[in-house]
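Structural overview
Chain by chain, the residues:
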Number of protein chains: 2
Amino acid sequence: MTAPLHLANPLGDRSSVSQKTFAVMECIGSSGRPLTVSEIAVLLDMPTPTVHRIVHQLEMDGLLVQEAGSRGYVPGPRLFNFALNVFQTAVRHGSKHAILERLSAATGETCNFGIISGGALLYADRVEASWPFGLRYEVGSRVPLHCTSMGKMLLAHQPKRRREHLLSLSDLHAYTDTTMTEIPALEEQFAQIRTQGYSVDNQEFLAGVICAAVPVRDVRGKVCAAVAVSAPQARMPMSVAVQHVPRLLAAAEEISATWAMDEAEEGEDVHARI
Amino acid sequence: MTAPLHLANPLGDRSSVSQKTFAVMECIGSSGRPLTVSEIAVLLDMPTPTVHRIVHQLEMDGLLVQEAGSRGYVPGPRLFNFALNVFQTAVRHGSKHAILERLSAATGETCNFGIISGGALLYADRVEASWPFGLRYEVGSRVPLHCTSMGKMLLAHQPKRRREHLLSLSDLHAYTDTTMTEIPALEEQFAQIRTQGYSVDNQEFLAGVICAAVPVRDVRGKVCAAVAVSAPQARMPMSVAVQHVPRLLAAAEEISATWAMDEAEEGEDVHARI
DNA sequence: CTTCATATTATCAAAATCCGGAATGAAATT
DNA sequence: AATTTCATTCCGGATTTTGATAATATGAAG
């Protein structure tokens, strides 16, 4: 429970069966070729009997099939079908991504869209600037809430109760010497964030990296996500970051608008759609 | 172990955690809209706490995310990425499908590609004839081995040991009055199938349905899959079905040829590809 | 603002599953 | 035929899973 959430789990935990099972499917999916039981065992560093059990189960479920002739396994029909369905729901995702791309083009920097997920900030979408810049926090990564611009923005707009809960899950680790680790100081900043309408990260998580974030509101006006721009200080000092805020706000507004459209499509009974 | 495999499990067993977990993901994927914990519980007929636990775990793993604002969950970035990978491996699958389409056009009937999977015959691919014909065994379905043309073809070419094992798993259920349920009679037919190079199903599984199948061989010449044509007897009496055999053989040969191409691409160290 | 109905999340002891080393069996390679 | 590699089965101890119950949060209605 007091899990070390510091950074994103790079390949996922593997403590539960489900996690191991998904890891096996992911492994086969990303390799793009038939994999044998023992190859999977090596790639995932798991005991052979365990992999065998999982693969066998997945075969019984129609999720994997043995490539005709060879000994390797490939995604089965049911998995293709599942992948297709997941993909079709991506249209919603699409319009948001396009907005981020325009924002990135306008600012010339990397732009992110984040939400709170699992007690941390999840990079739900991102568009990289074309600049050569080593640091890569990919989509799906999780970063701490208390020392990132999007994290602080979202914390600032949580109900007090939930904010306290979220902060209690964190150890408020000091990643750099500007990281804020005291709750009173953070609360003071949250108030300021609510007033000024944007938040910044002045190298509080990664030395040399500056970010600025604005809130994204849902149909009812509640803050539910954030949009941010990030870049090395050398290229984007704080004064420049702040100048991007109006553009960020415009993009956030556009994203909110896409949700209003979604809303119109819905409204049926649960059973009607399946 | 003595599982009733008669027909395909329509929505999959749900005895293990992994199966339940996948069912939850599948449910969200196929609904195409955000689903809440309790909606999922209703749809899958599972206890709410169980669904809650699974969803929470999936959220932690980055596979699901809570749709900004709402309480419903949608596929997360990691799941999109996975779906993309699974899809990319479909190109390989693609060439086989094109061959089946040509075969279906040439014969004017529904054509299938099947393999043995999980002790039954799995429809790994199929192309439907445009004729109006109610019966639909979709891709991913499993049918018995002992009373289908593809099943008998594949059984006939298994090593004796494995064939005995596969038959022992089956209860040799009599689906129609032409179904063969005696091992000696089946063995006799297997010998005939090996000699004549094709197998037929004379309404042994479904009354009124005729099928003919030929073997597909892997690079080393071993039989590893089957191609079949099927249609209602009214349209395709046995005499007509047998006339399609040369076309079937040609298609099987084409499919084998695509594997020879695959083979050329492979041959690297396991670690090189991930 | 308070109350009520509904949905979500936490708890916990019993029960079932999972685990993986070791042994065995099958198949490819030399 | 011998050798090596890979796949599969076994099995009892350890860990996880389970789901009824209860506490809590949310949102609507009064």
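Think of each chain on its own: its residues are numbered from 1, step by step along the sequence as written. Following the order in which they are written, the chains are lettered starting with A and the ligands numbered starting with 1. Thresholds applied to this predicted model are a pLDDT of at least 70 for local features of residues and 80 or more for the giving and counting of side-chain atom pairs; totals over whole chains, interfaces and linings are not thresholded and use all residues. Neither water nor hydrogens contribute to the side-chain values; these are computed over all heavy atoms in the structure.

Quick look at the sheet that holds strand S6 (residues 199-202) of chain A
Residues and elements named next belong to chain A. Across the sheet, which stays open at both edges, the six strands sit in the order S5-S4-S3-S8-S7-S6 with antiparallel pairing between neighbours. Only two strands of the sheet have a single partner each, and these edge strands are strand S5 (142-143) and S6. Of the strand pairs in this sheet, S6 and strand S7 (residues 209-217) are connected by four bridges, and their pairing is antiparallel. Counterpart to Asn202 in the pairing with S7 is Ile210. Two strands are counted as paired when DSSP detects at least two bridges linking them. For the purposes of this entry, the term helix denotes a DSSP run of H or I that reaches at least four residues, the term strand denotes a run of E that reaches at least two, and both are numbered from the N terminus.

Regarding the sheet that holds strand S6 (residues 199-202) of chain B
Residues and elements named next belong to chain B. Spatial strand order, S5-S4-S3-S8-S7-S6: six strands in an open sheet with antiparallel pairing. Both outer strands of the open sheet, strand S5 (142-143) and S6, are each paired with one neighbouring strand and no more. Direction of pairing for strand S3 (residues 110-117) relative to strand S8 (residues 223-232): antiparallel, over a ladder of five bridges. Residue Phe113 lies in a different strand from S8, and its bridge partner there is Val227. We call two residues contacting when some pair of their heavy atoms lies within 4.5 Å. Note on method: axes are straight lines fitted to C-alpha atoms, helices fitted across the in-contact stretch only, with angles between N-to-C directions ranging 0 to 180 degrees. The strands touched by helix H6 (residues 149-156) are S3, strand S4 (120-127), S6, strand S7 (209-217) and S8; relative to S8, the strand with the most contacts, the crossing angle is about 155 degrees.

Quick notes on helix H2 (residues 37-44) of chain B
Turning to H2 of chain B, its buried residues are Val37, Glu39, Ile40, Ala41 and Leu44 of chain B. Among the residues trailing H2 of chain B, Asp45 of chain B stands out with phi positive, at a value near 55 degrees. In this scheme, a residue with accessible area under 20% of its type's maximum is buried, one over 50% is exposed, and one in between is partly exposed, where area comes from a 1.4 Å probe on protein chains only.

A few points about the nonpolar core
Membership of the largest hydrophobic core comes to 49 residues, with the highest contact counts inside it found for Leu79 of chain A together with Leu79 of chain B. For this core, the elements supplying multiple residues, two or more each, are helix H1 (17-31), helix H2 (37-44), helix H3 (48-60) and helix H4 (77-88) of chain A together with helix H1 (17-31), H2, helix H3 (48-60) and helix H4 (77-88) of chain B. Setting aside residues no more than four positions away along its own chain, Leu79 of chain A makes contact with Met25, Gly62, Leu63 and Leu64 of chain A together with Phe22, Phe82 and Val86 of chain B. Among the buried residues, those of types Ala, Val, Leu, Ile, Met, Phe, Trp, Tyr and Cys that are joined through side-chain atoms within 4.5 Å form a nonpolar core.

Some points on the environment of Val223 of chain B
Residue and element names in this part refer to chain B. Within the element layout of this structure, Val223 appears in strand S8. A residue is classified by how much of its surface remains accessible, and Val223, at 9% relative accessible area, is buried. When the C-alpha positions of Val223 and His157 are compared, they lie 6.4 Å apart, and in sequence the two are 66 residues distant. Apart from residues lying up to four places away in sequence, Val223 is in contact with Leu154, His157, Pro215, Val216 and Arg217.

A look at the protein's contact with DNA strand D
For this purpose, a residue is taken to be near a molecule or strand whenever a single non-hydrogen atom of the residue falls within 4 Å of it. In the vicinity of DNA strand D lie 17 residues, with Ser38 and Arg162 of chain A together with Lys20, Arg53 and Arg71 of chain B positioned nearest. Those atoms of DNA strand D that come within 4 Å of the protein belong to sugar or phosphate at a rate of 71%. Polar contacts, as counted here, are pairs of nitrogen or oxygen atoms within 3.5 Å of one another; within protein the pair requires one atom able to donate a hydrogen and one able to accept it, and residues that are adjacent in sequence qualify only if both atoms are side-chain atoms. Take Lys20 of chain B: an N or O atom from its side chain is 2.7 Å from a phosphate oxygen of DNA strand D. Take Arg71 of chain B: an N or O atom from its side chain is 2.7 Å from a sugar or linking oxygen of DNA strand D. Elements that contribute at least two residues to the surface near DNA strand D include exactly H2, H3 and helix H7 (160-169) of chain A together with H1 and H3 of chain B. Only Asp, Glu, Lys and Arg are considered charged in this grouping, and only Ala, Val, Leu, Ile, Met, Phe, Trp, Tyr, Cys and Pro are considered nonpolar; every other residue, Gly among them, is considered polar. Of the residues belonging to the surface near DNA strand D, the class tally is five nonpolar, six polar and six charged.

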